[in-house]
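Chain and residue survey
Listed below, chain by chain, are the residues.
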Number of protein chains: 4
Amino acid sequence: MSSRADPSVDPSMLSRADPEGAVAAAAKRCSNWGRWGADDVRGTMNFLTPAKRVEAAALVRRGVSFSLSQSFDANGPQKGWRRRTNPVHTMLDTGTDAAAGVQGFPHGIGGADDVIAMPLQCSTQWDGLGHIFDHGYAWNGRRAADVVTSLGDGFTGIETVADVITGRGVLLDFGDLPDGFAITESHLVATAARQGVAIGRGDIVLVRTGQLARARRDGWGDYAGGPAPGLSFTTADWLYSTEIAAIATDTWGFEVRPNEFDDAFQPLHQVAIPHIGLFLGEMWDLDALAADCADDGVYEFWLTAAPLPITGAVGSPVNPIAVK
Amino acid sequence: MSSRADPSVDPSMLSRADPEGAVAAAAKRCSNWGRWGADDVRGTMNFLTPAKRVEAAALVRRGVSFSLSQSFDANGPQKGWRRRTNPVHTMLDTGTDAAAGVQGFPHGIGGADDVIAMPLQCSTQWDGLGHIFDHGYAWNGRRAADVVTSLGDGFTGIETVADVITGRGVLLDFGDLPDGFAITESHLVATAARQGVAIGRGDIVLVRTGQLARARRDGWGDYAGGPAPGLSFTTADWLYSTEIAAIATDTWGFEVRPNEFDDAFQPLHQVAIPHIGLFLGEMWDLDALAADCADDGVYEFWLTAAPLPITGAVGSPVNPIAVK
Amino acid sequence: MSSRADPSVDPSMLSRADPEGAVAAAAKRCSNWGRWGADDVRGTMNFLTPAKRVEAAALVRRGVSFSLSQSFDANGPQKGWRRRTNPVHTMLDTGTDAAAGVQGFPHGIGGADDVIAMPLQCSTQWDGLGHIFDHGYAWNGRRAADVVTSLGDGFTGIETVADVITGRGVLLDFGDLPDGFAITESHLVATAARQGVAIGRGDIVLVRTGQLARARRDGWGDYAGGPAPGLSFTTADWLYSTEIAAIATDTWGFEVRPNEFDDAFQPLHQVAIPHIGLFLGEMWDLDALAADCADDGVYEFWLTAAPLPITGAVGSPVNPIAVK
Amino acid sequence: MSSRADPSVDPSMLSRADPEGAVAAAAKRCSNWGRWGADDVRGTMNFLTPAKRVEAAALVRRGVSFSLSQSFDANGPQKGWRRRTNPVHTMLDTGTDAAAGVQGFPHGIGGADDVIAMPLQCSTQWDGLGHIFDHGYAWNGRRAADVVTSLGDGFTGIETVADVITGRGVLLDFGDLPDGFAITESHLVATAARQGVAIGRGDIVLVRTGQLARARRDGWGDYAGGPAPGLSFTTADWLYSTEIAAIATDTWGFEVRPNEFDDAFQPLHQVAIPHIGLFLGEMWDLDALAADCADDGVYEFWLTAAPLPITGAVGSPVNPIAVK
């Protein structure tokens, strides 16, 4: 795969020593601030219109459905980094209680109830627009300190997109990329071409790197926070210019790790979320869907990825459902 | 509306004093145990086939989408009954921290993360097949003590239907029923006819009683566990014979409360979940969808209601998305 | 009871309209900033010396012990104000599981385990020095934003006094004060005199207003956050000059509510915690101890009130133990 | 150290192949069932009488106090075994919020609040009497299924000993034992003799193996659930006959691991808790206290180890305080 001599797609033109400059330049080129008005809270979800959904519904051809969610349980990848833990699921009532006759219900009815405690970023999830800031500013130019306090996100809480994330999904399957592999615009374009799909306004793009499949086979290792294949910083312009509604990967952190600067932390996030207003999905399980796409050669589908409308949340666990 | 002289639809033929007998009789008439093999864990979701989905996709006409979920926050209806509380959402990182410069990240990036702790039945949710038992038995004839222990549901955990709940939804809008109103088969049939929809195999039926709209207007009161309109015990046969995949209401408890027996607790659950193997949705917010249906006269739609695949959970919060 | 014509003890000399001025003046008079060095994190706990403990040990005469803690369970007083809830206690393993033989342990052993989720201020508790700020400043003059971030209190976390809160306790029993009753220095002095106890450096003072006993009798009502008897704002100077180590009440909020200003929120806290560096205990159950003190006429005792050393916590649940 | 030819102290007389027989025999020899009446819920805490406390108060000589608690935070030893995690501490309000002026309080007051979610066995803790069962029976002969359901322990919840655990503590410091070292009665007796302390009715015995100090130096490794020095199964008779009130160690599991049978799980627990009715403390931090005892040669002290009275809990976190 080749790449153009354009700073937006050629990592060689980035200064490894200056992530701050690169972020600032990309942010300037790719800003959607004000595009949907000063009050906007939905960012690129504005691209996902009813008309796009009508087109996408035609992609339901065989009626087969796929969950793109990892499981939510104690066996997940989290190891405590940024105090993220795996979910803790406990029971309020059980079948053993019911069988022991200790529940106090009449006429033989028994019941079980349960409770979950978990970081919203523990497993398959959406990053909301309040998840990442750039120099103290959040999506659409709001001050981060005004947006996300201990009470949560008072503007762009994930509940603001509760009803909208359903439309056309496109899978770009990269097979099995090694950790540290940076996916560039050229790679994205070539893979889409090879798979026979166009990518455009309002689409939800799914990028499969194969890392989750490896983690399943070899153990979690540093899946949560360690090296991974992922999007190159240089894809910021592609993410912006394609006018996609959202993008998700099968990795912990969406972008390539280590990234393409000497000392940086998730620099592509810093452009994509606060400036483009783009929704990022992480830790999606794309394996079963990818197998089906390989079988039938069709890499587009109807996709619904509805976040739980947790008021003020800066992200949400999600069970995305693809239907072909 | 009239009702037939059939025990299944005529509450006058139930003995108010004998819920146990009524449950046993209905369970016998309506059992799906073994229907999909001894190992089945999906119950009526077996009715929701790919072919049904292909038909349902044609219902996406205008591309408008609706979230059918209440919000998940501290202002919810729970008051502690059965130790169910409203969600507790706390932050691991905030915009105020980012703005104060205390996060320790390089090049101006800042972030926010969060955590949720909540009962899985606290807001809009699915009852899984391990949620209710009859005399110590769970769906498909398994012993409750074998199915749901403190480790959760080892057979019918909600993750077993993570990929399947997407297809045709039908709304039956009853407007504004008073608490204690028992919706019978006659009511269901008449309302479907009036709204011009047929109900059959594999459908997900949504029943709007208007109680949530009242609670929004007047305050929660006893929405969680108090009197409510809902399905009559006598609809068990209709729930069974229509071969629907699932049914959901805008009330806390799906069935009418107080119920139609002198001393009983959720008797229709006791038939529907362990014997029919039916998935019940509760506390769904059907108001915006209902307003749209009243507008365009179309009461059917594409519906995706994907539970979070919390391993071993006996239910799940859900953000159902309807598209018309 | 009379009060002196001193602003510190005469509420009539406070301007009801100027809480900010009153707080500033009291803060200036009562500041302990720098008293124990710029690095100090223990505030008035510095008064509780080994020598004081040796004296206090002589108060163990009959060997009877009292827990001064309310229970920690779902039946507590919290109603969600400031998102404080009652504790949620769930089981990881149960006796019903053990009896059902589903635990998988050898040789007949079975076990039960459990989990708690709770605000640290939900029941009987200590306020740590990071709990309250004055105009952005915390104890000893540190900037609040430097002290307590989303990661917790990096300086004065409750773990810093994990080993120290054991010494002489003194009970001042006011019997049954009405809500809104402001306990002044005069009241404190007179009650101590009547009960035959002196109060001085390093003591832990317990003030029983009777409100908890009323709540037990009549229901919680607005115990958590509503009107209550409590310390007058004017006692700031007494709290300072007596050099006590800590003070606790049987009320939710320590100080009188409504307070003595037209529009103010917990103004005595604003002086006591960040300026005096004083540890405040709230929601202590002093009833059994008070009954014993009334019986034997002895209002002093050995007291241990050890916070859980939750790293970075701004308070802690506590089970204080008095021994007479 | 030598050991007598007594089954109670000579592991060589145990059949490694028959833990069930050994447990049954020890349970028979060491049972306290019925000793304090059929309704008793306090077990060996009945030995800790007011008279014992009066004697113990004389041990407060220098007034120095020690916390025997590990910290409660994300850096603890838990790795998920039995779904035990380290504590998750999150903030409801912060100093950064206060400094940013987003809290909405008047007159410059600001505040911070916090929340904890944790297994009750995650760090320094007491095992309550409902923590372990023998063949479906709990302390005092109650059926485990009657005692501990999903609602918690309805009989011997830790709140039943909320007021009592304060009295004489004795430290037996073994220095630095290797993992797998079984401490026998002979070792206990010899160490007590060497340290100049007698052990008897109502005492709280602290056994320091040195494992925690090693874990601090070398990393947690398998501290939670792996090999460890600890009490030999053969000490059951000593635990019983000394009539101590409680015993605690600096290890995860109190008894030696691997234990002295071919295939067994915590067999000494199975005798000590349900049959002797003995309270076991685990993961106590005895290092600072031990250093002081080595300094002054005094291995006895006043000890208060008050559990949080979490209603129905089968254990509790605790911050034990020793005063010498």
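Values in this document were obtained by computation on a predicted structure and should not be read as measured data.

A closer look at the sheet that holds strand S9 (residues 166-173) of chain D
All names here are of chain D. With respect to topology, nine strands assemble into an open sheet ordered S1-S17-S15-S9-S11-S13-S14-S5-S16, the strand pairing being mixed. A single partner strand is all that each edge strand has here, and the edge strands are strand S1 (65-67) and strand S16 (315-317). Neighbour to neighbour, the strand axes of the sheet diverge by 25° on average, direction disregarded. Two elements, strand S15 (residues 300-304) and strand S17 (residues 321-323), share three bridges in a ladder whose sense is antiparallel. When the bridges of S17 are listed, tryptophan 302 appears paired with valine 323. Against the sheet, helix H2 (residues 50-57) makes contact with S9 and S15, and its axis sits at roughly 60° relative to S9, the strand it touches most.

Some details on the relation of the copies chain B and chain A
By a simple turn and slide, chain B fits onto chain A: the slide is 0.0 Å along the axis, the RMSD is 0.0 Å, and the turn is 180°. One copy is carried onto the other by what is essentially a two-fold rotation axis. Considering only C-alpha atoms, the residue of chain B closest to the rotation axis is alanine 117 of chain B, which sits at 2.0 Å.

Some points on helix H9 (residues 287-296) of chain B
Note: α-helices contain 3.6 residues per turn, so residues at a spacing of three or four share the same orientation. Residue and element names in this part refer to chain B. Buried within H9 we find Asp287, Leu289, Ala290, Asp292 and Cys293. Where H9 is buried, its residues contact strand S1 (65-67), strand S9 (166-173), strand S11 (204-208), helix H6 (211-218), strand S15 (300-304) and strand S17 (321-323). Glycine 297 occupies a position one or two residues after H9 and carries a positive phi of about 70°.

Quick word on the interface of chain B and chain D
Each side of the interface is counted separately: chain B has twelve residues, and chain D has twelve residues. The junction of chain B with chain D conceals about 810 Å² of combined surface from both sides, 56% of it contributed by carbon and sulfur atoms. When the buried surface of chain B facing chain D is broken down by residue, Arg83, Thr90 and Thr96 of chain B rank first, second and third, together holding 50% of it. The interface formed by chain B and chain D includes five residue pairs in polar contact (both at pLDDT 80 or more). Of all the secondary structure elements, the ones that give two or more residues to the side of chain B that touches chain D are strand S2 (88-93) and helix H3 (95-100) of chain B. Here the side of chain B that touches chain D is composed, by residue class, of six nonpolar, four polar and two charged.

Thoughts on helix H1 (residues 19-29) of chain C
Residue and element names in this part refer to chain C. The complete set of buried residues in H1 reads Pro19, Ala22, Val23, Ala26 and Ala27. For H1, the buried positions fall inside an angular range of 130° around the axis, keeping them on one side. Looking at the buried side of H1, the elements it contacts are strand S6 (132-134), helix H7 (236-241) and helix H8 (267-276).

Here's the deal with the environment of proline 119 of chain D
Relative to the elements of secondary structure, proline 119 of chain D occurs in strand S4 (residues 113-119). Given a relative accessible area of 2%, proline 119 of chain D falls into the buried group. Between the C-alpha atoms of proline 119 of chain D and asparagine 86 of chain D, which are 33 residues apart in sequence, the distance is 7.5 Å. Setting aside anything within four residues of it in sequence, one finds proline 119 of chain D in contact with Asp114 and Val115 of chain C together with Arg83, Arg84 and Thr85 of chain D.

Things to note about the nonpolar core
Nonpolar side chains tend to gather and get buried jointly when the protein is soluble and globular. Core analysis: the largest hydrophobic core is formed by 146 residues, its most contacted members being Leu206 of chain C together with Leu206 of chain D. Once you skip the residues sitting within four places of it in the chain, leucine 206 of chain C turns out to touch Leu68, Val170, Leu171, Leu172, Ala248, Trp284, Leu286, Leu289, Phe301 and Leu303 of chain C. Membership of the second largest hydrophobic core comes to 145 residues, among which are Leu14, Phe254 and Ala264 of chain A together with Leu289 of chain B.

Considering the interface of chain B and chain A
Counting residues at the interface gives 88 residues for chain B, matched by 88 residues for chain A. Counting across the chain B and chain A interface gives four salt bridges. Two residues, aspartate 113 of chain A and arginine 84 of chain B, come together in a salt bridge whose shortest N-O distance is 2.4 Å. The interface formed by chain B and chain A includes 45 residue pairs in polar contact (both at pLDDT 80 or more). Partitioned by chemical class, the residues of the side of chain B that touches chain A number 44 nonpolar, 30 polar and 14 charged. Looking at chain direction, strand S3 (residues 109-111) of chain A and strand S6 (residues 132-134) of chain B are connected through three bridges and run antiparallel. Directly across from isoleucine 109 of chain A, in S6 of chain B, lies its bridge partner aspartate 134 of chain B.

Some points on the confidence of the model for chain A
In this model, chain A carries a mean pLDDT of 95, and residues with pLDDT of at least 70 account for 96%. We note a pTM of 0.95 for the whole complex and an ipTM of 0.96 for its interfaces.

Focus: the pairing of strand S4 (residues 113-119) of chain A
Taken across its seven residues, S4 of chain A has six buried, putting it largely inside the fold. For strand S2 (residues 88-93) of chain A and S4 of chain A, the ladder comprises five bridges, and the chain directions are antiparallel. Bridging across to S4 of chain A, histidine 89 of chain A finds its partner in isoleucine 116 of chain A. Note that S4 of chain A and strand S4 (residues 113-119) of chain B share five bridges and pair antiparallel. Across the sheet, residue valine 115 of chain A finds its bridge partner in S4 of chain B, namely proline 119 of chain B.

Quick look at the sheet that holds strand S13 (residues 246-249) of chain C
Residue and element names in this part refer to chain C. Within the open sheet, the nine strands sit side by side as S1-S17-S15-S9-S11-S13-S14-S5-S16. Their pairing is mixed. The sheet terminates laterally at strand S1 (65-67) and strand S16 (315-317), the two strands that pair on one side only. Averaged over all neighbouring strand pairs, the angle between strand axes comes to 25°, with direction disregarded. Looking at chain direction, S1 and strand S17 (residues 321-323) are connected through three bridges and run antiparallel. Residue serine 67 lies in a different strand from S17, and its bridge partner there is isoleucine 321.

Criteria and cut-off values
- Residues numbered from 1 in each chain as written.
- Chains lettered and ligands numbered in written order.
- Predicted model: local features only at pLDDT ≥ 70, side-chain atom pairs only at ≥ 80, totals over all residues.
- Heavy atoms only, no water.
- Pairing = 2+ DSSP bridges.
- Helix = DSSP H or I, 4+ residues; strand = E, 2+ residues; numbered from the N terminus.
- Axes fitted to C-alpha atoms, helices over the stretch in contact; angles between N-to-C directions.
- Contact = heavy atoms within 4.5 Å.
- Least-squares fit on C-alpha atoms with pLDDT ≥ 70 in both.
- Buried < 20%, exposed > 50% of the residue type's maximum accessible area, 1.4 Å probe, protein only.
- Buried area = accessible area lost by both parts, 1.4 Å probe.
- Polar contact = N/O pair within 3.5 Å; in protein donor to acceptor, adjacent residues only side chain to side chain.
- Nonpolar A, V, L, I, M, F, W, Y, C, P; charged D, E, K, R; others polar.
- Arc of directions from axis to C-beta.
- Core = buried A, V, L, I, M, F, W, Y, C linked by side-chain atoms within 4.5 Å.
- Salt bridge = Lys/Arg side-chain N within 4 Å of Asp/Glu carboxyl O.
- pLDDT = per-residue confidence, 0-100.

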